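Structure assessment
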There are 4 protein chains.
Amino acid sequence: VALNTNPAGLLDRLFTTDAMRDVFCDRRYVQSMLDFELGLARALVRTGIAPSSALPAIESSCDTSLFDFETLSVEAASAGNLAIPLVKQLTALVGKADPQAMRFVHWGATSQDVIDTGLVLQLRDAFDIFDADLVAMAAALAKLAREHRSTLLPGRTFLQHAAPVTFGFKVAGWLTAIQRHRERLRQTRARTLVLQFGGAVGTLAAFGEKGSAVAEALASELKLTRSDLSWHTHRDSFAEVATMLGLLTGTLGKIARDLSLLTQTEVGEVLEPAGSGRGGSSTMPHKRNPVGAAVALAAATRVPALVATMLSAMVQEHERGLGGWHAEWQTLPEICLLCSGALSHLTLVVASPEIFTEKMRADLELTRGLILSEAVSMALAAHIGKHAAHEIMERASRRTIESGAQLGEVLLADPEVARHISSDEIRRLLDPANYIGRALEDVDRVLEKYSGNP
Amino acid sequence: VALNTNPAGLLDRLFTTDAMRDVFCDRRYVQSMLDFELGLARALVRTGIAPSSALPAIESSCDTSLFDFETLSVEAASAGNLAIPLVKQLTALVGKADPQAMRFVHWGATSQDVIDTGLVLQLRDAFDIFDADLVAMAAALAKLAREHRSTLLPGRTFLQHAAPVTFGFKVAGWLTAIQRHRERLRQTRARTLVLQFGGAVGTLAAFGEKGSAVAEALASELKLTRSDLSWHTHRDSFAEVATMLGLLTGTLGKIARDLSLLTQTEVGEVLEPAGSGRGGSSTMPHKRNPVGAAVALAAATRVPALVATMLSAMVQEHERGLGGWHAEWQTLPEICLLCSGALSHLTLVVASPEIFTEKMRADLELTRGLILSEAVSMALAAHIGKHAAHEIMERASRRTIESGAQLGEVLLADPEVARHISSDEIRRLLDPANYIGRALEDVDRVLEKYSGNP
Amino acid sequence: VALNTNPAGLLDRLFTTDAMRDVFCDRRYVQSMLDFELGLARALVRTGIAPSSALPAIESSCDTSLFDFETLSVEAASAGNLAIPLVKQLTALVGKADPQAMRFVHWGATSQDVIDTGLVLQLRDAFDIFDADLVAMAAALAKLAREHRSTLLPGRTFLQHAAPVTFGFKVAGWLTAIQRHRERLRQTRARTLVLQFGGAVGTLAAFGEKGSAVAEALASELKLTRSDLSWHTHRDSFAEVATMLGLLTGTLGKIARDLSLLTQTEVGEVLEPAGSGRGGSSTMPHKRNPVGAAVALAAATRVPALVATMLSAMVQEHERGLGGWHAEWQTLPEICLLCSGALSHLTLVVASPEIFTEKMRADLELTRGLILSEAVSMALAAHIGKHAAHEIMERASRRTIESGAQLGEVLLADPEVARHISSDEIRRLLDPANYIGRALEDVDRVLEKYSGNP
Amino acid sequence: VALNTNPAGLLDRLFTTDAMRDVFCDRRYVQSMLDFELGLARALVRTGIAPSSALPAIESSCDTSLFDFETLSVEAASAGNLAIPLVKQLTALVGKADPQAMRFVHWGATSQDVIDTGLVLQLRDAFDIFDADLVAMAAALAKLAREHRSTLLPGRTFLQHAAPVTFGFKVAGWLTAIQRHRERLRQTRARTLVLQFGGAVGTLAAFGEKGSAVAEALASELKLTRSDLSWHTHRDSFAEVATMLGLLTGTLGKIARDLSLLTQTEVGEVLEPAGSGRGGSSTMPHKRNPVGAAVALAAATRVPALVATMLSAMVQEHERGLGGWHAEWQTLPEICLLCSGALSHLTLVVASPEIFTEKMRADLELTRGLILSEAVSMALAAHIGKHAAHEIMERASRRTIESGAQLGEVLLADPEVARHISSDEIRRLLDPANYIGRALEDVDRVLEKYSGNP
């Protein structure tokens, strides 16, 4: 089963997970198609088209270990898809076991029925993995948010210190996004796990009157939903899987960007968990590189374009697309693989990061109080209006920056400020813990909601 | 309000709809932000932060006709966003009307609260338009599917004749996809119409204890859902709007591809509706170009990449994104505009196409019976097995192609065929109407389901 | 060397070429990096940093067959790139052979030097393949254009018959585009085959004064150009390779679209070459599917997005990118592989297509003369002006369409036409061979130019 | 001329330049097409097809101020392109001035000739702007590199301090990339400034024998190169413009990313130039946001996808594309606009940034010497081999991190180190200025090369 054809396959362990590779490896690819063929054979028996005596030979032949993968690969290149050589080998295997059974192989189906349904079956397994991994990610985030509910650090807008937040608040934001993705996954799953079965042009004409009965039986065999109509050239459900994972990967990229910025040498508020050989440098012994973030950011760079491919590929002709269909075959699995790798790497990071709360606290002092200028400004505004307050604060900010003094000192020295705010009040205003608004309340609300939907 | 800055703005009537242009024009862009500011002022009054006396001045100032758009544009270029100069002008207007009210303008909010919520309000209007337009499209498709339920034409796979279908069956396929998009629109809408309101870093710190109350009141003023947490750098809901419309545009592209192929001179089974000046050629008086299909195909070429942009832009830093946020501002509206144009153009086409049923029927004869080779093959297979049947039919197909004869004649002349199938049976098998499987049943099911959800 | 990790690796023979797979397989990936390390060792010797006695151990160790690929893959996943475990294994191998030599392994280089230069070496081989394949494609097109220089068929605009062209003219158009891509390949090649060598942050600091000398020697060993500066985070040359191949793939998609449209059952002017098992259908014995076009169209659907990934990935941080660099590793090879597959498949098609010149000729009659309406219109215009001529022709076109008559008959029956144009002249105007302008001249010019640059 | 149809047109001054907006405004769009029509008329006269008496009426009519843009817009929406209503209005204008001249308007040309050549003429102006702006950018970078040739700051890999570089070295890296883009611009320009002229299907059939002569004359009128063949559906030159600008935008994004990271509050090594209202915050008086970087990063997020659109759109059918051609019309101008905005904003920044050399120097101390661990490691390696040296340094790094001491102290206290390196040598090794390799040499080489090609 081993054709090593992937560019840089050596990197797959870096970029994806073993579990997802297993879902989309060649063996499983073929087995999913065989699952379709076996389900079809059983459906033919259930609907009286084939005798039950035909089943044993088909059942025993639907086993990937019997197939010649090299030949499959070679013949797919001229046939234009994998189903044709697969059915050929399957037919031969069945024929050897029971010549009478041979005729019922692939009966009435078309290549696209096999290939599409096979992919649906693989996606079902992929969804299970994503679901479990999202649960794990959410749990890790919830734990982290709870632990650092009140850990103060600078809130940063446009990469500049703006006003204080807590690390738990930051993480709770990540968690809410992950929870929304879990909802999307459920909705997309329901629209995706649908049987593809239409025969040559979607009408199941080869079955005469029995088309619907066979479709019903086959859907039941494979535990898939029946569609109202074959969807050979309506690819919205496959493309939706891509978009749903694209959205998830975007969130993973956002979390990774945050984490990577927090690990910068100058910031040093977070480090990715250490591990033997993890993120080291061959020449610089002091370095610990954020490998998890790198993987997630790489995925967030690659997946959007792959989603665009799936959307572009939707423009498929008549009853079977030329090129558009083919463009999906490696693209959708690739999206699953990359998203899975990013999710897994990042879960590892958020499950046990090193958090440097003292550095967070120290960074709040970096601007010598300016990070609380809005707090003071709002307090002044209550007395003298927003405009006048803003003017005073601009002046005080400038002085603070130029003099290297603390904003508190500058304010205390300003008679206009003193007229309205006491020195105690100034000290209170310049304590970051007093200017985090509803941050703790938000964390609690998110965690409470999460605890009902873990 | 007129800055003509769009590349090829002269083409906007071609590529989009007046209704959607109205939603995303500069005036409405500004008005939506003013709606936020007005809603905020009312929320401040409801929560006792501002006196009700402050309202009249703010209410009368939240009127786009009072704003200097040229200055907005110039100042946005250095401020880095539109909210800053907008709030500046608004504050000045309010101050002129009532200096006491001025201080409550934009109180405690941040630029991103205004800009994001403004876009949410625009999207709400856009969703209404899409919803109505999808209803119209679905109705036109249902009508067309009903009328041509039994109109036979060739089913084509990989652009080759494969087996017969009916035109109604084809259209029913389009309809099922459109119906799925209506469901997606509903789900996305629910996740999107959410207030953005967090102040500088998302904590509503400027409101002290009152943050949640103000948020509640503001959400109620604007008839939006409250979020658990401000989502300044969690862009999954905006990106999801893009993906949902990307999926819809893909389906529109697929329908347009089908239609355009059917209008080819050699096929001529469908023509886009004629209209004064529609699709004409300056030099070739006989031409009628498929303009509707061109617009939808252009959208299906452009939108996937714009969706990728929205996904790439999700990687936003900390509490406010640098560049990623900015990348959304023109991209999401552009997706709405292009998708709307494609939907509208294509609805026009499917609402009154010229259908040439005789040409469809004639095209079924093009292969001199070969389009029914599967039908004959399956019938033979019932007697002699699939493999032997396939061999006979391959031979017969070759003879038909080489001789220019009808497949029927070739089959009648073949003693092996005659041994198993009577000439009457052959004639029956070669009637396209007898080999459309459950096509009519499918159309009926789709139409019945549609009639419950028009 | 066999890790089968590729999604749908069974399809690689369909989508790419053996030659290109060989360039980007894991073994070659590793070997290219070893070529760098060996080149570096030799450069160290040439510049007197390492003794020549160190060379034999390094030379004998730079052999992929000695490496444990499984361990490389596992360790790359935690190290974050392949160079670190590779250098580790290489160092151990060298150490076993000659402990004194061990210290000179990877001396002064950084992971990115190895990885980037390794990819440059792979790209050099890829360029050679593309160059040869473009030569083959151009030769096939030139032959085809020459053979069908004068073969008439309908020119089609917006999929409608417009005016006659020759098949050779059409093919000459394809050829000109291919020739432009050869020029682009040459220019891009020159900018790409550049050594990456900078050490930890690009300054070659580990070499003290000898940095430039080592770089010079290494470039000479590897037969690469030296860059003015290390380009660790300036990725324009790699991204340019992507764009250059993206442009080529676009042209291949265009040719494939044309071919696929010409193979439609209703058109049938061209068929892809037949071959055992090529493009067959499991159930429809009469079908011959355009597999070559499918592969090229799939590539033209996938590659643009991959190019976008390479462009997005250019935004790399400081002296080494986090995520952006990683996003390139599998993407650029994938572009090479897909483009190579499309080029190869399509060359096969254009080298020996079945051309149905009689069907081309017959299709010219499909519009009963209307395809020459411009010819008549221009002739009339010379007498009565464009506007009046256009009006007459619109009327005549309408009559032709409605009556089912020939345009020639309609014109002959029109007294206004007769006043200006004789019946002989009408016949002459309605001969497609008389209305192909400079088509033959164009073909000849293109072929002549080609013959100087085959 | 004012149709305000752009989504968020108010933001155009932020995202693009006035100069580029002027090139792609509607008026210029129309004027470029009129330039084609006028050039054609002159070519008709030069080749004896039209009398010179026809020229005055055409010349005076080719003036945008005479055109009804509202009608152009409305009619383009049903005609499917702008050329048809434009030619209609032009013909009427000419007819009013001189009925005899009217017949020569647009003689023998097709809509695509006008539209494509019009865009080529606009691109010529765009290239001039890009060329001048790249010169300005390169000059600013050269000046900056020269000034800060020796200004030390930390080199950062994966966002971690790695080893020292100079700011001039960093800027010289940016400069080399910009210089490569200038070369690419020249090469692309030569392939792009080509006349499109083929008539209905590219054969210039309407001109009979005179096609080539007219094409020659028209190319000379418009100062464009003639192509070997009309390139109606060979879009590689337009797509190449997109890719070339995509590469440039990628570099601008890279520079902007670097700058934005350097402006972070914790880093503070660079600030964007201040300016009235530039990058301020409505509520936080102390902030100065990196607006230039935001614009460039937004462009670097958006342009890659637009490039993908241009590549996807290359798959155009037969002699005129349906949808693909249409997809280009707004996309290529949008790329020019966004790239121009990014280039201009960033040039402003690099022309007069605030550089905080003391903070750069201070940041070198942040790791208490660890940023020079490679320097020490290499020095030790010369005595005891790389492996043993690496082990010692790992231990010393760990101690430094855990103890909070200086690496120098730790090393001095280590007897194994002392055995091989003197304390003076340690001090020398830990001076960043002694470990920048060939950085200064590189800067000088780049500047010298630049000075020959400014």
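Placed above this text is the structure.
Residues numbered from 1 in each chain as written. Chains lettered and ligands numbered in written order. Predicted model: local features only at pLDDT ≥ 70, side-chain atom pairs only at ≥ 80, totals over all residues. Heavy atoms only, no water.

This brings us to the relation of the copies chain B and chain A. It takes a turn of 180° to lay chain B on chain A, together with a shift of 0.0 Å along the axis; the resulting RMSD is 0.0 Å. Taken together, these values place the two copies in the relation of a two-fold axis. When the interface residues of chain B are mapped onto chain A, 100% of them again lie at the interface, so the same face is used by both copies. (Least-squares fit on C-alpha atoms with pLDDT ≥ 70 in both. Contact = heavy atoms within 4.5 Å.)

Further remarks concern the packing of helix H8 (residues 167–192) of chain A against helix H19 (residues 439–451) of chain A. Residues and elements named next belong to chain A. Remark: H8 packs on H19, axes separated minimally by 9 Å, with the N-to-C direction vectors making an angle of 35°. Read as a crossing pair, H8 and H19 show a hand that is left-handed. Contacts between H8 and H19 involve Gly168, Phe169, Ala172, Leu175, Thr176, Gln179 and Arg182 from the first element and Ala439, Asp442, Val443, Val446, Leu447 and Tyr450 from the second. By residue class, the composition of the contact of H8 with H19 is 8 nonpolar, 3 polar and 2 charged. (Axes fitted to C-alpha atoms, helices over the stretch in contact; angles between N-to-C directions. Helix = DSSP H or I, 4+ residues; strand = E, 2+ residues; numbered from the N terminus. Left-handed = near helix turned anticlockwise from the far one by under 90°. Nonpolar A, V, L, I, M, F, W, Y, C, P; charged D, E, K, R; others polar.)

Core analysis: the largest hydrophobic core is formed by 685 residues, its most contacted members being A:Phe197, B:Phe130, B:Phe197, C:Phe197 and D:Phe197. What C:Phe197 contacts, discounting residues up to four positions off in sequence, is C:Phe36, C:Leu40, C:Ala109, C:Asp113, C:Leu204, C:Phe207, C:Val214, C:Ala215, C:Leu218, C:Ser230 and D:Arg438. (Core = buried A, V, L, I, M, F, W, Y, C linked by side-chain atoms within 4.5 Å. Buried < 20%, exposed > 50% of the residue type's maximum accessible area, 1.4 Å probe, protein only.)

Next up on the list: the interface of chain B and chain A. Think of interface size as the accessible area that goes away when the parts come together; that is how it is often given. Chain B puts 99 residues into the contact, and the matching count from chain A is 99 residues. Of the roughly 8,300 Å² buried where chain B meets chain A, counting both sides, 61% is carbon and sulfur surface. Summed over the shared surface of chain B and chain A, the result is 14 salt bridges. For A:Glu183, the salt bridge is made with B:Arg191, and the minimal N-O distance between the two is 2.5 Å. Across the contact surface, chain B and chain A share 45 residue pairs in polar contact (both at pLDDT 80 or more). Among the elements that take part in the side of chain B that touches chain A, helix H10 (residues 236–262) of chain B stands out by supplying 15 residues, more than any other. Of the residues belonging to the side of chain B that touches chain A, the class tally is 45 nonpolar, 30 polar and 24 charged. (Buried area = accessible area lost by both parts, 1.4 Å probe. Salt bridge = Lys/Arg side-chain N within 4 Å of Asp/Glu carboxyl O. Polar contact = N/O pair within 3.5 Å; in protein donor to acceptor, adjacent residues only side chain to side chain.)

For the rest of this paragraph, the subject is helix H9 (residues 167–192) of chain D. Between the first and last C-alpha of H9(D) there are 37 Å, a value that for 26 residues agrees with the 38 Å anticipated at 1.5 Å per step. Most of H9(D) sits out of view: 21 of its 26 residues are buried. (Expected span 1.5 Å × (residues − 1).)

What follows is about the environment of B:Leu447. Residue and element names in this part refer to chain B. Looking at where Leu447 falls in the secondary structure, it is placed in helix H19 (residues 439–451). For the pair Leu447 and Ala172, spaced 275 residues apart in sequence, the C-alpha separation works out to 7.6 Å. With residues near it in sequence (within four places) discarded, Leu447 still touches Ala142, Ala145, Arg146 and Leu175.

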